[in-house]
Amino acid sequence: MNGEIYVLIEHLQGQVSDMSYIMLAAGRPLADASGGSLVAMLLGQDVQGLASDLGADRVLYVEHPALAEFSPEAYLKVIADLIQQGNPRAVLLGETSIGADVAGTLSARLDLPLVSLCRDIYAEGNTLKFVSQIYGGKVLAEGDLPEATTLMTMVPGEYKAEAGQSATAPEIVATSPPDLEGLKVTHKQFIEPEAGDVDIAKEPILIAVGRGIQQEMNIEIAEELAEALGGELCASRPVVDQGWMTTGRLVGKSGKTVKPKVYFAIGISGAPEHAEGIGDAELFIAINTDEQAPIFAIAKYGAAADLFDLIPALTEKIKEAKGG
Amino acid sequence: MDIVVVVKLVPDLVEEIEITGDGKTVDTTFMRLIINEPDDHALEQAIILKEREGGEVTVIGPGVEDIDGVLFTAAAKGTDRQIKLTGDFDVEVNNHALARAFANVVREAQPDLILTGVQAHNDMDGALGPLMAEYLEMPYIGYVSGVVMEGETCNVRKEYPGGLIGEMQVNLPAVLGIQSAESPPRYVAVSKVRQAMKTVTLDEQTSSDLDRKGGPAVSRMFQPESGERAEMIEGDIDNIAEKLVEILRTADAI
Amino acid sequence: METKMIDTSTEFIYQFVETVPEGERIRLCLQCGACSGACPFGFVMDFPPHGMIAMLRAGLLDDMLKSDTAWMCVSCYACTEVCPANIPVTAGLTTRVKEEMLLAGNVPTELQDALEKAQRYFNPLGESPRKRAEWASELEPEITIMAKAKRPVDVLWFVGDYASYHPSARSATLALTKILNALDVDFGILGPEEVSDGDSLRLAGESGLFEMMVDKNASAFEKYEFNKIFTSDPHAYNALKNEYPRLDISYPVQHYTQFFTERLEQIQPLLKNSIDADVVFHDPCYLGRANDIYEEPRQLLQSIPGVELVEMSHCRGNSLCCGGGGGGMWLDGFRWEKAEARISEWRVREAVSALGNQETTSKGGRARILAIACPYETPRFEDAIKSMPGAEGLIVKDIVELLAESMGV
């Protein structure tokens, strides 16, 4: 093994994901500690342009028609090849629909250890350590990176995407892919999300509704608060899965990332899949009857109160404050 | 068409998770184990496919506490065969070990399609699905929320961030990591489950020694510091509402 | 694997006759429609009670099961009360229809959620069984929990789901504890060993789930020595008195209204504070129609100095349900969608009519109280009061809260 740290760059429809930059930000101190360079893996068809602001020392660029859109199988073959040739210290992948599809298969195929749900990787003297978040964020697990090329899937943790970006383009090394004929998995087409009337990512005031709302008709309570504040409704996964709100209003891992002025979370536990979607909100308020809910670790203000009592009372007072 | 569903049981987060005295692992004394929610969706999707296409559904689970109830419930919902894999399982057995053990059983069943939940909240060494797929030498697609069979292939809807869906095609046999079933898992009356307990026999198979290689070694488990918590507003409903109005006003939201 | 389901109407009736007490009376149905007329939601059901019987006789059970309006039934016994043929409509017909619907997978999501929680946590609220006695953890004197105390008690208090876990029921539960202490009653609770009585689960069509609860409670009862069971929850009372004995679990059981009325001589001198209020009493379906307990609650209320008892237009046998029964606590969304009416609001409106609105009473300086004796009612009526004009200032109190207040404990 050399000391290099590889990062899989994720991109969809011409855009590099925030997670990719976050992984570059996480990888930099690691590469420094292990005395190697930070290397980005960029796979695709005609996407060299995406390499321009990657905060890496070097980009391994692999081009092939079979890589035009993400395919777990194609990516698996290419990355396996790159790892076997390059022998890096660690490979960072996103705990995402892209990274998580290949991390496990790589681990099994190459017989390399895999650590997932990492939120923090750091050096302690000569040892590289990881911290993973499990049980919905309620427990953190810490350990040393195994002494072998280690595959790691990452969640954002405290890292900031900006720290993984660069003003100058890194060196791009065109690398030939292995045989990508006869693939069993092929991308057919994209289906765009339902066009809603509202793009929640652009709204300054968001009222987020979670499982705690219990029934569809109770969403009315949140609607009235949203109206009083001049904001829009959004939701966590359970609400959208029930069909009570469209997928366009989903905040979180499979939905949108939002950075509103005010984020008011009602009846949301704050599991990582949802928390990931909340970028920096200037004012983050959470209401949940469970004092131990993880949401209170990321919100700025909280109340362990019953939303069915509090929200209507609050809506009234807001109307008074505005009207009176 | 034959489908295999592989399920895992995970700690129920309704109970508080506690760490053992030595700080290395979770305390399983009062821990309740429940079916991993995405696995429940995988089960539902399998039954929906069976209802639509015909065929058989086999469900496989690890021989941990509470597994019998899960398997009988699956039978009551409509699975045809229920396999309990007995072995030295504990709560912390990693997915590499489970994947190797399950792969042996699945290989024998020779299914057309294997469904499992895309992730579980105790996946410290990656999710079960991709590992199993590789040990079975089958293709894998994860984050699937829709499955349509088309003869020797299957069309899936793969979820990307922002609500974007990728429609992908995969040759069978394949492993799919299910995010959510086409419709939420169905209800099954307790009387049906009890009847299953009387009429259905679970197929017990022993696994060979579990091979945990591939997972990380955890030196310490701990709960996140409550230091960085939100400022909690106390008082009765009126007090809290008033203080919130103040906070909103200060932030110029009102 | 297919469960053997009833797939013919005749089989349904046959089973009804065989398994429901007095079930053979279903053959005497005159199709008079009194049941459907008395039913609070009869107007939105595709097949109100007498319609269900008509469908069964016509051999059309399968068609009937395609409709979901049977879930509108609040199991309030209004139909059973008025049936001239004394057919056990609630206990037998509507409950069995719901059971068939569950087996067919025709169940509203909210209810599914509550039933799944009950399967997993032994209470439909989804609360941890270990925390069932947490409400009592700060009490002075310490409450007797049977597993810890390991001694016989005179009375085993079966607390119930809502009284144990729900914040709205908390003050009534605590008030009851104080009264028991003031009367020197030797009582204990099962605490974490108690699970849901299961009655509402049974009425929501889950007989299997009900039996699961009975099994667990029975195992706990068997471990301890006590003379009788006492409960504050009419649904638990109904289960323990009428349904558990069918499964051979039989203990003497009383609702607190009976228990305290028996001790009225002891209680009366302790009621030193006057409560100057006009009070209406809402007859809970499971004390009243289901178990004929109408006078005891009224006796207790009338024993409190200052209380003026007024009756609502529907009272005693034709009382209006609060809407919580038959799984109703977990079907509000569904029922609102179908009926656009909340029967808890009708009831509050009646209370307001009987008591007068805020203006009239505030001149007299008297409080207006809607007195209840079932923990389902508090949250339902408090919500209804918020949306009913003229109901401002109407207070909901459990009888025990009023007794405790008057006793000054």
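A. Layout of the overall build of chain B. Along its length, chain B carries 6 helices and 13 strands. With respect to the three principal axes, the spread of C-alpha positions in chain B is 65 × 45 × 40 Å. Within chain B, buried positions represent 52% of all 254 residues. For chain B, contacts bridging at least 24 residues in sequence account for 72% of all contacts bridging at least 6.

B. Region of the structure containing the overall build of chain A. Looking only at helices and strands, chain A features 8 helices and 17 strands. In terms of overall dimensions, chain A is globule-like: its C-alpha atoms have a radius of gyration of 22 Å, near the 20 Å expected for 324 residues. Scored against the burial criterion, the 324 residues of chain A give a buried share of 56%. Taking as baseline every contact in chain A between residues at least 6 positions apart, the subset at least 24 positions apart corresponds to 66%.

C. Layout of the domain arrangement of chain A. Each domain of chain A was delimited in the assignment, giving domain 1 (5–175) and domain 2 (200–323). For domain 1 of chain A and domain 2 of chain A, the distance between their C-alpha centroids amounts to 32 Å.

D. Spatial organisation of the interface of chain B and chain A. Listed by partner, the interface residues are 67 residues for chain B and 76 residues for chain A. Elements that contribute at least two residues to the side of chain B that touches chain A include exactly helix H4 (128–135), strand S7 (140–150), strand S8 (153–159), strand S9 (165–171), strand S12 (218–222), strand S13 (231–232) and helix H6 (237–250) of chain B. The element best represented in the side of chain B that touches chain A is H6 of chain B, accounting for 9 residues. Of the residues that constitute the side of chain B that touches chain A, the class distribution is 39 nonpolar, 14 polar and 14 charged.

E. Region of interest: the sheet that holds strand S6 (residues 307–310) of chain C. All names here are of chain C. Spatially, 4 strands are ordered S6-S5-S7-S8 in an open sheet, and the strand pairing comes out parallel. On the outer flanks of this sheet lie S6 and strand S8 (395–398), each paired with one strand and no other. The average undirected angle you get between the axes of adjacent strands in this sheet is 35°. By the bridge criterion, 5 bridges tie strand S5 (residues 277–281) to strand S7 (residues 367–372) in an arrangement that is parallel. Within S7, the position partnered with Ala 277 by the bridge is Ala 367.

F. Quick look at H4 of chain B. Within H4 of chain B, 8 of the 8 residues are buried, leaving the element largely enclosed by the surrounding structure. Taken residue by residue, H4 of chain B has Leu 128, Gly 129, Pro 130, Leu 131, Met 132, Ala 133, Glu 134 and Tyr 135 of chain B as its buried positions.

G. Representation of unusual backbone geometry within the structure. That bond from Leu 172 of chain B to Pro 173 of chain B is cis: its omega, 0°, falls within 30 degrees of zero. Here Pro 173 of chain B lies in the loop between S9 and strand S10 (174–178). Look at Asn 86 of chain C: it is not a glycine, yet its phi comes out positive at around 55°.

H. Quick look at the interface of chain B and chain C. Facing the 15 residues of chain B at the interface are 19 residues of chain C. At 6 residues, the largest contribution of residues to the side of chain B that touches chain C is made by helix H5 (residues 190–199) of chain B. Class assignment for the residues of the side of chain B that touches chain C results in 9 nonpolar, 2 polar and 4 charged.

I. Fine view of the pairing of strand S8 (residues 127–134) of chain A. Residues and elements named next belong to chain A. Where strand S7 (residues 114–124) meets S8, 6 bridges bridge the pair, whose relative direction is antiparallel. Across the sheet, Ile 121 pairs through a bridge with Phe 130, a residue of S8. Between S7 and S8, which pair antiparallel and follow one another directly, the connecting turn spans 2 residues, one of which, Gly 125, has a positive phi of 65°. Summarising the sheet, S8 and strand S9 (residues 139–144) pair through 6 bridges and their orientation is antiparallel. The partner of Phe 130 across the bridge, within S9, is Gly 143. The hairpin turn running from S8 into S9, its antiparallel successor, is 4 residues long, and Tyr 135 in that turn takes a positive phi close to 50°.

J. Main features of the sheet that holds strand S2 (residues 187–188) of chain C. Residues and elements named next belong to chain C. Read from one edge of the open sheet, 4 strands run S2-S1-S3-S4, paired in parallel fashion. Because the sheet does not close on itself, it has two edges, and the strands there are S2 and strand S4 (253–255). Summarising the sheet, strand S1 (residues 153–158) and S2 pair through 2 bridges and their orientation is parallel. For Leu 156, the partnering residue across the bridge sits in S2 and is Gly 188. Along the sheet face, helix H13 (residues 234–243) touches S1, strand S3 (226–231) and S4 and points at about 160° away from the line of S4.

K. Region of interest: the pairing of strand S10 (residues 150–154) of chain A. Residue and element names in this part refer to chain A. Counting buried residues in S10 gives 5 out of 5 residues, a clear majority hidden from the surface. Of the two faces of S10, the one holding Thr 150, Met 152 and Met 154 and the one holding Leu 151 and Thr 153 are both buried throughout. With 5 bridges joining them, strand S6 (residues 90–94) and S10 adopt parallel strand pairing. Within the sheet, the bridge partner assigned to Ala 90 lies in S10 and is Thr 150. Relative to S10, S7 runs parallel, the two sharing 3 bridges. Bridge pairing in S10 places Cys 118 opposite Met 154.

L. Up close: the environment of Cys 73 of chain C. All names here are of chain C. Tracing the backbone shows Cys 73 in the loop between helix H4 (61–64) and helix H5 (78–82). The spatial distance from the C-alpha of Cys 73 to the C-alpha of Glu 24 is 22 Å, given a sequence separation of 49 residues. If we skip the residues at most four places from it in the chain, Cys 73 touches Phe 41, Thr 94 and Gly 326.

M. A look at the packing of helix H8 (residues 307–323) of chain A against H6 of chain B. Interhelical geometry of H8 of chain A versus H6 of chain B gives an angle of 50° and a closest axis separation of 9 Å. By the angle class used here, H8 of chain A and H6 of chain B are oblique. Crossing angle aside, the handedness with which H8 of chain A passes H6 of chain B is right-handed. Across from Asp 309, Leu 310, Ala 313, Leu 314, Lys 317, Ile 318 and Ala 321 of chain A in H8 of chain A, the residues of H6 of chain B making contact are Ile 237, Asp 238, Ile 240, Ala 241, Glu 242, Leu 244, Val 245 and Arg 249 of chain B.

N. Inspection of the nonpolar core at higher detail. Ranked by internal contacts, the top residues of the largest apolar core, which has 265 residues, are Val 7, Met 41 and Leu 92 of chain A together with Val 5 and Met 132 of chain B. Counting residues per element, this core draws most heavily on helix H1 (residues 18–33) of chain A, which supplies 9 residues. The contact partners of Leu 92 of chain A, leaving out residues within four places of it in the chain, are Ile 5, Tyr 6, Val 7, Leu 8, Met 23, Ala 26, Gly 27, Met 152 and Met 154 of chain A. Listed in part, the 55 residues of the second largest apolar core include Cys 234, Ala 293, Ala 299 and Ile 318 of chain A.

O. Structural context of the packing of helix H18 (residues 343–355) of chain C against helix H20 (residues 377–387) of chain C. All names here are of chain C. With their axes 9 Å apart at the nearest point, H18 and H20 run at an angle of 70° to one another. Comparing their axes, H20 and H18 come out roughly perpendicular. Along its contact with H18, which presents Ser 344, Glu 345 and Val 348, the element H20 presents Arg 380, Phe 381, Asp 383, Ala 384, Ile 385 and Ser 387. Residue classes in the contact of H18 with H20 are distributed as 4 nonpolar, 2 polar and 3 charged.

P. A look at H18 of chain C. Residues and elements named next belong to chain C. Relative to the 18 Å expected for 13 residues at 1.5 Å per residue, H18 spans 18 Å between its end C-alpha atoms, a close match to the ideal helical length. Residues of H18 that are buried: Ile 343, Ser 344, Arg 347, Val 348, Glu 350, Ala 351, Val 352 and Leu 355. Just downstream of H18, Gly 356 is the residue with a positive phi angle, here 85°.

Calculation notes
- Residues numbered from 1 in each chain as written.
- Chains lettered and ligands numbered in written order.
- Predicted model: local features only at pLDDT ≥ 70, side-chain atom pairs only at ≥ 80, totals over all residues.
- Helix = DSSP H or I, 4+ residues; strand = E, 2+ residues; numbered from the N terminus.
- Buried ≥ 20, exposed ≤ 12 C-beta atoms within 10 Å, placed from the backbone.
- Contact = placed C-beta atoms within 7 Å.
- Rg over C-alpha atoms; globule rule 2.2 N^0.38 Å.
- Domains from an automatic or database assignment.
- Nonpolar A, V, L, I, M, F, W, Y, C, P; charged D, E, K, R; others polar.
- Pairing = 2+ DSSP bridges.
- Axes fitted to C-alpha atoms, helices over the stretch in contact; angles between N-to-C directions.
- Parallel < 35°, antiparallel > 145°, perpendicular 65-115°, else oblique.
- Left-handed = near helix turned anticlockwise from the far one by under 90°.
- Core = buried A, V, L, I, M, F, W, Y, C linked by C-beta atoms within 7 Å.
- Expected span 1.5 Å × (residues − 1).

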